[in-house]
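Structural features, examined
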Number of protein chains: 2
Amino acid sequence: MNRNSEQNAQMVKVIILVRVREGILDPQGQAVLQVLHDMGENEVREVRIGKIVEILLPQWVASSGKIESWCSGFLANPLVESFEIQSVEPASRPPVSA
Amino acid sequence: MNRNSEQNAQMVKVIILVRVREGILDPQGQAVLQVLHDMGENEVREVRIGKIVEILLPQWVASSGKIESWCSGFLANPLVESFEIQSVEPASRPPVSA
């Protein structure tokens, strides 16, 4: 096993935010902005829509640096999106017993 | 005008997280989980994918309670999604002059 302690086997929830980069057109956000303007909410200046990815995995995998490579590899498109690992926190639910 | 002060006219960025509810199937998350398992990352237990919505608007609109109604009305589908207003913070960029 590639784990050193009970703590490393602890399940954690990693929260990743994936956003369309500044200056890149965001059609989904534009559509929502248009809906708001059509409703008369003309004070709304901008809407941007991205993704939140929540991954449940053991602490030792979260600490391995793999998540960054998953983000740049397939969770985000680095050409048009940026990503941010917002938090890594203990999972609230107990691990499922095999 | 419906604003009382310079502070109310200040632009703020509201960040809203929209998640697929617990117990509701999340096909996009399932697809990413399958990719990870195909890569041999069998320790990954679960992946859920939601939306992050960032709205730039004046403080007085953000304080009006409208955002909650936009969330339940069209930003999230209350049957299958939950929403959370994560933060309301001063916008970093200066307002565009007309």
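Just above, that's the structure.
First things first, this report covers the structure right here in the doc. Residue numbering note: each chain is counted from 1, following its sequence as written. Labels follow written order: the first chain is A, the first ligand is 1, and so on. It should be noted that, the model being predicted, local features are given only for residues of pLDDT at least 70 and side-chain atom pairs only at 80 or more, the latter also being counted only at that level, while totals for whole chains, interfaces and linings use all residues. Based on all heavy atoms of the structure, the side-chain values leave hydrogens and waters out of the count.

Right, let's get into the interface of chain B and chain A. Counting residues at the interface gives 38 residues for chain B, matched by 38 residues for chain A. The quantity reported as buried area is the accessible area (1.4 Å probe) lost by two parts once they are put together, taken as the sum for both. Buried area between chain B and chain A, both sides added, is near 3,200 Å², and the carbon and sulfur share of it is 58%. The salt bridge definition used is simple: a Lys or Arg side-chain nitrogen within 4 Å of an Asp or Glu carboxyl oxygen. Summed over the shared surface of chain B and chain A, the number is four salt bridges. For the salt bridge of arginine 19 of chain B with glutamate 54 of chain A, the shortest nitrogen-to-oxygen distance reads 2.9 Å. Two N or O atoms count as a polar contact when they lie within 3.5 Å, although within protein this holds only if one can serve as hydrogen donor and the other as acceptor, and sequence-adjacent residues are included solely when both atoms are side-chain atoms. Here chain B is connected to chain A by 13 residue pairs in polar contact (both at pLDDT 80 or more). Two residues form a contact once any of their heavy atoms are found within 4.5 Å.

Here the axes come from fitting lines to C-alpha atoms, over the contacting stretch only for helices, and the angles between their N-to-C directions go from 0 to 180 degrees. In DSSP terms, a helix is any run of H or I states spanning at least four residues, a strand is any run of E spanning at least two, and both are numbered starting from the N terminus. Running from amino to carboxyl end, helix H2 (residues 27–38) of chain A crosses helix H4 (residues 66–75) of chain B at an angle of 115 degrees, the nearest separation of the two axes being 13 Å. Along this stretch, H2 of chain A crosses H4 of chain B, giving a crossing that reads as right-handed. On H4 of chain B, the residues touching Val32, Val35 and Leu36 of chain A of H2 of chain A are Trp70, Phe74 and Leu75 of chain B. For this scheme, ten residues count as nonpolar: Ala, Val, Leu, Ile, Met, Phe, Trp, Tyr, Cys and Pro. Four count as charged, namely Asp, Glu, Lys and Arg, and the remainder, Gly too, count as polar. Its residues assigned to classes, the contact of H2 of chain A with H4 of chain B shows six nonpolar, no polar and no charged. Throughout, a crossing is termed right-handed when the near helix is turned clockwise from the far one, and left-handed when it is turned anticlockwise from it by less than a right angle.

For two strands to count as paired, DSSP must find a minimum of two bridges between them. Strand order in the open sheet formed by six strands is S3(A)-S1(A)-S2(A)-S2(B)-S1(B)-S3(B), with antiparallel pairing between adjacent strands. Of all strands in the sheet, those bounded by a partner on one side alone are strand S3 (81–90) of chain A together with strand S3 (81–90) of chain B. Between one strand axis and the next, the sheet turns through 25 degrees on average, direction left out of account. As paired elements, strand S1 (residues 11–20) of chain A and S3 of chain A share nine bridges and run antiparallel to each other. Note that in S3 of chain A the partner of isoleucine 15 of chain A across the bridge is serine 87 of chain A. Strand contacts of H2 of chain A: strand S2 (46–58) of chain A together with strand S2 (46–58) of chain B, with the helix running at about 130 degrees to S2 of chain A, the strand carrying the most contacts.

Our next topic: the pattern of salt bridges. Tallied over the full model, the rule gives eight salt bridges over all chains. The salt bridge partner of arginine 19 of chain A is glutamate 84 of chain A, with a shortest N-O separation of 2.7 Å. Here arginine 19 of chain A is found in strand S1, whereas its partner glutamate 84 of chain A is found in strand S3, with 65 residues between them in sequence. Between buried and exposed lies partly exposed: a residue is buried under 20% and exposed over 50% of the maximum accessible area for its type, with that area taken using a 1.4 Å probe on protein chains only. Residue classification places glutamate 84 of chain A among the partly exposed residues on the basis of a relative accessible area of 34%. Here the salt bridges do not stand alone but share partners, grouping Lys13 and Glu54 of chain A together with Arg19 and Glu84 of chain B into one network.

Turning our attention to a nonpolar patch on the surface. What makes a patch is a set of residues exposed beyond 30% relative accessible area and free of salt bridges, joined within 9 Å when like-charged and within 5 Å when nonpolar (Val, Leu, Ile, Met, Phe, Trp, Tyr). In short, Shrake-Rupley with a 1.4 Å probe defines the accessible areas, and a residue's cover is counted only from the protein chains shown. The grouping of Val35 and Met39 of chain A together with Phe74 of chain B at the surface amounts to a nonpolar patch, some 230 Å² of accessible area in total. Positionally, valine 35 of chain A belongs in helix H2.

We now examine helix H2 (residues 27–38) of chain B. Helices are assigned an expected span. That span is 1.5 Å times one less than the residue count. Over its 12 residues, H2 of chain B runs 16 Å from end to end, which matches the ideal 16 Å to within 8%, given 1.5 Å per residue. Those residues of H2 of chain B that are buried are in contact with helix H4 (66–75) of chain A together with S2 of chain B. One or two residues past the end of H2 of chain B sits glycine 40 of chain B, with phi positive at roughly 95 degrees.

At a separation of 2.7 Å, a polar atom in the side chain of arginine 19 of chain A contacts the side chain of glutamate 84 of chain A. Every residue in contact with arginine 19 of chain A, bar those within four places of it in the chain, is listed here: Gly50, Val80, Glu81, Ser82 and Glu84 of chain A together with Ile15, Ile52 and Glu54 of chain B.

For the rest of this paragraph, the subject is the pairing of S2 of chain B. The buried fraction of S2 of chain B is high, at 11 of 13 residues. Bridge count for S2 of chain A against S2 of chain B is 11 bridges, and the pairing is antiparallel. Paired with glycine 50 of chain A across the strands is isoleucine 52 of chain B, a residue of S2 of chain B. Strand direction decides the pairing type here: strand S1 (residues 11–20) of chain B and S2 of chain B, joined by eight bridges, are antiparallel. Residue leucine 17 of chain B lies in a different strand from S2 of chain B, and its bridge partner there is isoleucine 52 of chain B.

As a further point, take the relation of the copies chain B and chain A. Copies are brought into register by a least-squares superposition over C-alpha atoms of residues with pLDDT of at least 70 in both. Overlaying chain B with chain A gives an RMSD of 0.0 Å, the required rotation being 180 degrees about an axis along which the chain moves by 0.0 Å. Given the turn and translation reported, the copies of this chain are related as if by a two-fold rotation axis. Nearest to the rotation axis, the C-alpha of lysine 51 of chain B is located 2.2 Å from it, this being the minimum over chain B. Take the interface residues of chain B: 100% of them recur as interface residues in chain A, which is what a same-surface contact looks like.

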